[in-house]
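Observations on the model geometry
Residue strings, one per chain:
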Amino acid sequence: MLDYAAFPEQRQALIRTLLQSEGRVQCSTLVEKLGVSEHTIRRDLQVLANEGLCKRVYGGAVSVLGDVADFQQRIGQNNAEKEKISLGCAGLIRNHTTVFLDGGSQNLLLAQHMPANLSLTVITHSPAIAAVLSDYPDFELIVLGGKLHRASGTCIGAQALEQLSYLNIDLCFPGGCALDADSGLTVTGFEEAAFKRALIKQSSRVVAGLTGDKLGRVASYRVAACEELDHVVLTRDVPQSARDLLAARGLSLIMV
């Protein structure tokens, strides 16, 4: 059996693997698993944090999200999971309300599953999502404009932010790259994060639909703390440990 106390490289390699597979590690669990002191584990986590692989949080560390594919590349990824989530999100929409669909492949699917029998005002800043929504003749459709950010497939510049400031939104569905109990909802783009934060401020209810691979990870820019989200829609195969961490923050989890 490998003596992890004597082989720091192997110890840190195992921690890397755990971060990649689970997104989060706890110092207490690593101490028990590896048979070393908490001081040693903290030192290992700091080494990995210095390499940009994780972010230190209370009691452990979370994985830092790497490069994220752009909008066009994400279309079709995790489709079965996203279908369930989009149907769960659609079920939260009520008649005679104003709904904002943020950009992203998850909300592109939500646009395809919108409840067509309702009278809604639907707003988006994504041309691709707007094209789908134009097939609903009874929706009042509002499209925010400005310079297109190609990676996200949305308009997120000054013009879109100004138009957003005039809106009162009943329900919004912000996209996100990662969700962690401590760090909240985060994304990889600075301008994207600024737009999403403004969107949440203009909205009465905030619902995030997220695939399981986004949980327990952290991207560079914060969109919202967990306390700012009203609901998170997840599939039932998300591990109970991940659910418990989010529920401990007061999040209402909707499992589909």
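Quick summary incoming for the structure in this document. If you're wondering where the values come from, they're calculated on a predicted model, not measured in any experiment.

Moving on to the layout of surface pockets. In this structure, the second largest pocket spans a volume of roughly 540 Å³. Forming the boundary of the second largest pocket are 26 residues, of which Glu22, Arg24, Ser241, Ala242 and Leu245 lie nearest the centre. Of all the secondary-structure elements, those providing two or more residues to the lining of the second largest pocket are helix H1 (8-22), strand S1 (24-26), helix H2 (27-34), strand S10 (178-180) and helix H10 (240-247). For the lining of the second largest pocket, the element with the most residues is H10, which contributes four residues. Per-class residue counts for the lining of the second largest pocket are eleven nonpolar, seven polar and eight charged.

Applying the stated criterion across every chain, the model contains zero disulfides. With no disulfide partner, Cys172 has as its closest neighbouring cysteine sulfur the one in Cys89, 11 Å distant.

On to the environment of Ala247, then. You can see Ala247 is positioned in helix H10. Along the chain, Ala247 and Lys147 lie 100 residues apart, while their C-alpha atoms are 38 Å from each other.

Attention now moves to the packing of aromatic side chains. On inspection of all chains with the given rule, the structure shows three aromatic pairs. Ring centres of Phe100 and Phe195 lie 6.1 Å apart, and the angle between their planes is 45°; this geometry places the pair in the tilted category. Of this pair, Phe100 sits in strand S4 (residues 97-101) while Phe195 sits in helix H9 (residues 190-201), and the two are 95 residues apart along the sequence. With respect to class, Phe100 is no different from Phe195; both count as buried. Measuring from centroid to centroid gives 5.7 Å for Phe190 and Tyr221, while their planes differ by 80°, and the two rings are edge-to-face. Of this pair, Phe190 sits in helix H9 while Tyr221 sits in strand S14 (residues 221-224), and the two are 31 residues apart along the sequence.

Parameters at a glance
- Residues numbered from 1 in each chain as written.
- Predicted model: local features only at pLDDT ≥ 70, side-chain atom pairs only at ≥ 80, totals over all residues.
- Heavy atoms only, no water.
- 1 Å grid on protein atoms, 1.4 Å probe; cavity = no way out; pocket = protein on both sides within 12 Å on 5 of 7 lines; lining within 4 Å.
- Points joined across faces, edges and corners; volume = space filled by probe spheres on them.
- Helix = DSSP H or I, 4+ residues; strand = E, 2+ residues; numbered from the N terminus.
- Nonpolar A, V, L, I, M, F, W, Y, C, P; charged D, E, K, R; others polar.
- Disulfide = S-S within 2.5 Å.
- Phe/Tyr/Trp six-rings, centres within 6.5 Å; stacked < 30°, edge-to-face > 60°.
- Buried < 20%, exposed > 50% of the residue type's maximum accessible area, 1.4 Å probe, protein only.

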